[in-house]
Amino acid sequence: MIKLVVFDLDNVIIDGEAIDEIGKLANVEEDIAAITEKAMQGEIDFETSIKDRVQLLEGTSIEDIEKVADDLPLMAGAEETINGLKEKDVDVAIISGSFDVVAEKVKDKLGVDSVYTNSFTVEDGKLTSEVTGPLVSGSKLDVLKGHVEEAGITLDEVVAVGDGANDISMIESAGCGIAFNAKDSVKEIADVVVDEKDLTKVLDEILNQLTTEEENEAVDDEETEEAAEASEDADEAAEEVEEVEDAAEESEEADETEDAEESEEASEEDNAEDKKEDKKELPKSEFVLADTMEGVRKQKDEKEAEISKVADEREEFNKIAKEQRKIRDELNASLKENLNKAIEYRNERNEINKQVEAAKKARNEANSKIKTLEWSSGKRDKIKIENEIKKIDKIIETRVLDIKKENQLVKNANDLRKQLMEIHEDESVKTEAQELKKLSEEEHEKVIELSEKAQEAHEEMLTYFRKTDDIRTAADEAHKKFIEARKNASAKHEEFKAILSDIHVINKKLGSNKPKKRRNDNKGGSGSNKNREERERAEEIFAKFKQGGKVSTEEILLLQKYNIG
C-alpha cells in the first residue's frame, strides 16, 4: 500500500533549477548550469558539483536569493498532485540537493509534510563558499531510509519521483520509481516514465496503483468478511436447526400428550366407575326449569338444538387445528431441508476460498521471486556499458579533439563494445524468470476463476437462508393459527359441557315423571337384548363425545334415554 510519495525539487516540483536561477544574481549562471548538467548526467559526483556551484555564489545577498525563491514557478499540476495525494491520506516529502531557502517556501505553498535539503552558510547577510546539509555527502536513499524508519513504514510503501542521476538510488530502491522528464540513465531503472511536464500524469499513475491496491484489499476484506459471515452463518444455522428441531419436538410431544390424553379418556369411559367421575366433571348447572312439563320439554328441544350447533362449531375448530398442524409440520420439515442446503453451499464456498488463498499465495511468491531475479541476468551490466558507450560517442561527435585523444576514445568505445558482446544474460535465470511469470499468470487466473465460483456459492447460500426466513415466518403463522383453533375448540367444548349439564338437569326432571316399569329378572328375551345393545351403543356415543366427536340429535336422545352424560 502506498503511504509516502517523495519528490525531487528542481525540475520536478518547481519548473526550473533553483541554483541556476540564483546564479543569475552573481552572473555565473552559465558556469553553474554546466556543472549542474554534468551532475545530472552522472559525469561528476553530486558532492563535488554542489560545492563547486556554491563557491561560485560566494557574496550573493541572501535577501536577493529569497526574492528569487518567491518567484520560482511551480511545475504544472503540482498543486493538484499534492492535493490529490493528501486526499488519499498519502504523506508527501521532498528530498533535494537544493536549498532550504527555496524548499521551505514550496513546503508552505503546497502543504508538503517533510522537506530534506541542504543549506547555504550566511555571514552578514551574504553567502560564504560553504554548504551544509544531509545531501552534501550523503545520498538521497540514506535520507529516505531514515525517514521511512522514523515513520514506521517500508521502502516498498514508497513512490519516488525524480529526474537526475542523484535520484537513482531512491528511485531504484522505492516500491515504485517514477522518472519525470528524466535523463536516460534514470529512465532505464524507473518503473514508470513520464515525459510530459505535467505532474498530474504522475498523480494518475499513483492513483491507478492505489485503485488496484484498494480493489485487492477490498477483495481480501470481502473474503475476510465472508469468512466471518460464514462463521456467523454457521452458528445461526446451527441455532436455527436446533430451534426448528426443538419446536418440532415440542409440537410432537404436545400432540402426543393430547393424543394420549384423548386415548386415556376413551379407555376410561369403558369403565363404569370412571363414568361416574366423568359426570362429576360436568360443570354445576344453574339452569332454571319451566313450571310445566310442557315447558320443560320445550326447554329440552331448545337445548338439544343449541348443543348440536356448538358441537358443529367445535368440530370445525378441530378441523382447522388439524389442517394448520399439518401445514406447520410440513413447513418445519422444509425449513430443515433449506437450512441444510444453505450449510452445504456455505461449506462449498469456504472450501473454494481456501483454494483462492492458496492460489494468491503461489502467485505472490512467484512475483516476489521474479522481482529478485529481475537484475540478476546481466541486464544491469549491459545498461551501464551502453551508457558509457553513448557518452564516449557524444564526446567524439560534439568536441574537437586531437587525433591521439580521439583514437583513445574510439579504442575505449570499441573495448566496451567487445565487453557488451561478451555479456550474455544468464539463460538459466532468464528461463526461471519466464517460468515464474507463467506460473504467476496461471495462479492469477485461478484466483479469478475460483473467486467467481466462491461468489456463486455465496449467493446460493444467501438464497437458501432467505428461503428459511420466509418458511419460518409461514410456519410460525401456521402454529399460531393451530394454537388459536385449539383454544377455540376447547372453549366450544366447555360450552358443550355446560349445555350438556343443563340437559342433564332437564332429563332428571322428565325422568322423575315417567311411570316405573316392573323389572322381571327371571325373564329374558329380545327386548332385554335390544335394551342392552342400545345401552352399549349409548356408551360408545358418550365415549366419542368425550373425545370431541360430533354427536347427532338422535344420538343425544339415546344418551338421554339411558341417562348417560
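Computed from a predicted structure; not experimentally measured.

K.L.:
How should I be thinking about the overall build of the protein chain in this particular structure?
P.N.:
If you tally the helices and strands in the protein chain, you get 17 helices and seven strands. Roughly 32,500 Å² of accessible area belongs to the protein chain as shown, and the carbon and sulfur atoms make up 45% of that amount.

K.L.:
So what exactly am I meant to see when it comes to the packing of helix α2 (residues 29–41) against helix α3 (residues 46–56) here?
P.N.:
Packed helix pairs are specified by the crossing angle of their axes together with the interaxial distance, meaning the distance between the axes. Close contact between α2 and α3 brings their axes to 10 Å; oriented N to C, the two are set at 175 degrees. Considering the angle they form, α2 stands roughly antiparallel to α3. Between α2 and α3, the contacting residues are Asp31, Ile32, Ile35, Thr36 and Ala39 on the first element and Ser49, Asp52, Arg53 and Leu56 on the second. For the contact of α2 with α3, the residue count by class is four nonpolar, two polar and three charged.

K.L.:
How do you make sense of the pattern of salt bridges when you look at a structure like this?
P.N.:
Working definition: two side chains of opposite charge can pair if their charged atoms are close together. Throughout the structure, instances matching the rule amount to 24 salt bridges. Residues glutamate 495 and lysine 492 are paired through a salt bridge, measuring 3.4 Å at the closest nitrogen-oxygen approach. You can see glutamate 495 and its partner lysine 492 sitting in helix α15 (residues 427–511), three residues apart, about one turn around the helix. The exposure class assigned to lysine 492 is buried, which follows from its relative accessible area of 17%. Overlapping salt bridges, with partners in common, bring together Lys309, Glu313, Lys492 and Glu495 in one network.

K.L.:
Looking at this structure, how should I read the environment of isoleucine 82?
P.N.:
Structurally, isoleucine 82 can be placed in helix α5 (residues 78–87). Residue isoleucine 82 is classed as buried on the basis of its relative accessible area of 0%. Between the C-alpha atom of isoleucine 82 and that of leucine 203, which follows or precedes it by 121 residues, the distance is 8.3 Å. The contact partners of isoleucine 82, leaving out residues within four places of it in the chain, are Phe7, Ile13, Val92 and Leu110.

K.L.:
Please explain unusual backbone geometry as it appears in this structure.
P.N.:
For residues that are not glycine, phi is negative in most cases, and the peptide bond is trans in most cases. A positive phi angle, close to 55 degrees, is found at asparagine 27, a residue other than glycine. Structurally, asparagine 27 can be placed in the loop between α1 (18–23) and α2. Phi is positive for aspartate 89, which is not a glycine, with a value near 60 degrees. Here aspartate 89 lies in the loop between α5 and β2 (91–99).

K.L.:
I would appreciate a short explanation of the packing of aromatic side chains in the present structure.
P.N.:
How two aromatic rings sit relative to each other is given by the distance of their centres and the angle of their planes. One pass over the full model with this rule turns up two aromatic pairs. Taken together, a centroid distance of 3.8 Å and an interplanar angle of 15 degrees make the contact between phenylalanine 99 and phenylalanine 120 stacked. Taken together, the residues phenylalanine 99 in strand β2 and phenylalanine 120 in strand β3 (residues 114–123) connect sequence positions 21 residues apart. Relative to tyrosine 464, the ring of tyrosine 345 has its centre 5.8 Å away and its plane inclined at 20 degrees; by these criteria the two rings are stacked. Highlighted residues: tyrosine 345 in helix α12 (residues 293–373) and tyrosine 464 in helix α15, separated in sequence by 119 residues. Look at tyrosine 464 and you get buried, because its relative accessible area is 17%. Against the face of phenylalanine 496 rests arginine 314, its NZ or CZ located 4.6 Å from the ring centre. Of note, arginine 328 hangs over the ring of phenylalanine 482, and the distance from its end group to the ring centre comes to 4.9 Å.

K.L.:
So what exactly am I meant to see when it comes to helix α6 (residues 100–110) here?
P.N.:
Residues that lie three or four places apart on an α-helix share one face, since the helix turns once every 3.6 residues. Within α6, the full set of buried residues consists of Val101, Val102, Ala103, Val106 and Leu110. The inward-facing, buried residues of α6 contact α1, α4 (62–71), α5, β2 and β3.

K.L.:
Can you help me understand the sheet that holds strand β6 (residues 176–180) in this one?
P.N.:
For sheets, the rule is that strands pair by backbone hydrogen bonds, running either parallel or antiparallel. If you walk across this open sheet you meet the seven strands as β4-β3-β2-β1-β5-β6-β7, and the pairing is mixed. Two strands bound the open sheet, and with one partner strand each, they are β4 (126–132) and β7 (192–194). Adjacent strand axes in the sheet meet at a mean angle of 25 degrees, parallel and antiparallel pairs treated alike. Packing against the sheet, helix α7 (residues 140–151) makes contact with β1 (4–7), β2, β3 and β5 (158–162), and its axis sits at approximately 150 degrees to β2.

K.L.:
What am I meant to see in α4 here?
P.N.:
For α4, the complete set of buried residues consists of Ile62, Ile65, Val68 and Ala69. In a view along the axis of α4, the buried residues occupy a sector of 110 degrees, so they form one face of it. Residues Glu63 and Asp71 are exposed on α4 and point more than 90 degrees away from its buried face.

K.L.:
For this particular structure, what's the right way to read the packing of α4 against α6?
P.N.:
For the pair α4 and α6, the least separation of the axes is 9 Å and the interaxial angle reads 40 degrees. Note on packing geometry: the crossing formed by α4 with α6 is right-handed. Contacts between α4 and α6 involve Ile62, Ile65, Glu66, Ala69 and Asp70 from the first element and Val101, Val102, Lys105 and Lys109 from the second. Of the residues contributing to the contact of α4 with α6, the split by class is five nonpolar, no polar and four charged.

K.L.:
How do you make sense of the side chain of glutamate 157 when you look at a structure like this?
P.N.:
As for its placement among the helices and strands, glutamate 157 is situated in the loop between α7 and β5. Since its relative accessible area comes to 16%, glutamate 157 is described here as buried. Once residues lying within four places of it in the same chain are set aside, the contact partners of glutamate 157 are Met1, Ile2, Lys3 and Leu4.

K.L.:
Could you clarify how one ought to interpret the pairing of β3 in this entry?
P.N.:
A regular strand places its side chains on the two faces of the sheet in alternate fashion. Where β2 lies against β3, four bridges are found, and the strand directions are parallel. Bridge assignment links isoleucine 95 to a residue of β3, and that residue is tyrosine 116. With α6 bridging β2 and the parallel β3, this β-α-β connection has right-handed handedness. In the sheet, β3 pairs with β4 via four bridges, with the strands oriented antiparallel. Along β4, the bridge assignment pairs phenylalanine 120 with valine 131. Counting the residues that bridge the hairpin from β3 to β4 gives two residues, and of these aspartate 124 lies at a positive phi of roughly 55 degrees.

K.L.:
Help me understand a negative patch on the surface, please; the structure alone is not making it clear to me.
P.N.:
A cluster of acidic residues, Glu348, Glu452, Glu456, Glu459 and Glu460, forms a negative patch on the protein surface. With four residues, α15 is the largest single contributor of residues to the negative patch.

K.L.:
Just to check I follow, could you spell out the pairing of β5 for this structure?
P.N.:
The buried count for β5 comes to five of five residues, which makes it a mostly enclosed element. Side chains Val158, Ala160 and Gly162 of β5 all project onto a buried face; the interleaved residues Val159 and Val161 project onto the opposite face, where all are buried too. Pairing analysis gives four bridges linking β1 to β5, with the strands arranged parallel. Its bridge partner lying in β5, phenylalanine 7 is registered against valine 161. Handedness of the β5-helix α8 (residues 168–173)-β6 crossover: right-handed.

Rules and cut-offs
Residues numbered from 1 in each chain as written. Predicted model: local features only at pLDDT ≥ 70, side-chain atom pairs only at ≥ 80, totals over all residues. Heavy atoms only, no water. Helix = DSSP H or I, 4+ residues; strand = E, 2+ residues; numbered from the N terminus. Areas by Shrake-Rupley, 256 points an atom, 1.4 Å probe, with all protein chains shown as cover. Axes fitted to C-alpha atoms, helices over the stretch in contact; angles between N-to-C directions. Parallel < 35°, antiparallel > 145°, perpendicular 65-115°, else oblique. Contact = heavy atoms within 4.5 Å. Nonpolar A, V, L, I, M, F, W, Y, C, P; charged D, E, K, R; others polar. Salt bridge = Lys/Arg side-chain N within 4 Å of Asp/Glu carboxyl O. Buried < 20%, exposed > 50% of the residue type's maximum accessible area, 1.4 Å probe, protein only. Phe/Tyr/Trp six-rings, centres within 6.5 Å; stacked < 30°, edge-to-face > 60°. Lys NZ or Arg CZ within 6 Å of the ring centre and 35° of its normal. Pairing = 2+ DSSP bridges. Arc of directions from axis to C-beta. Left-handed = near helix turned anticlockwise from the far one by under 90°. Right-handed = clockwise from strand over helix to strand, strands pointing away. Patch = residues over 30% accessible without salt bridge, like charges linked within 9 Å, V, L, I, M, F, W, Y side chains within 5 Å. Lys, Arg positive; Asp, Glu negative; His and termini not counted. Charge placed at Lys NZ, Arg CZ, Asp CG, Glu CD.

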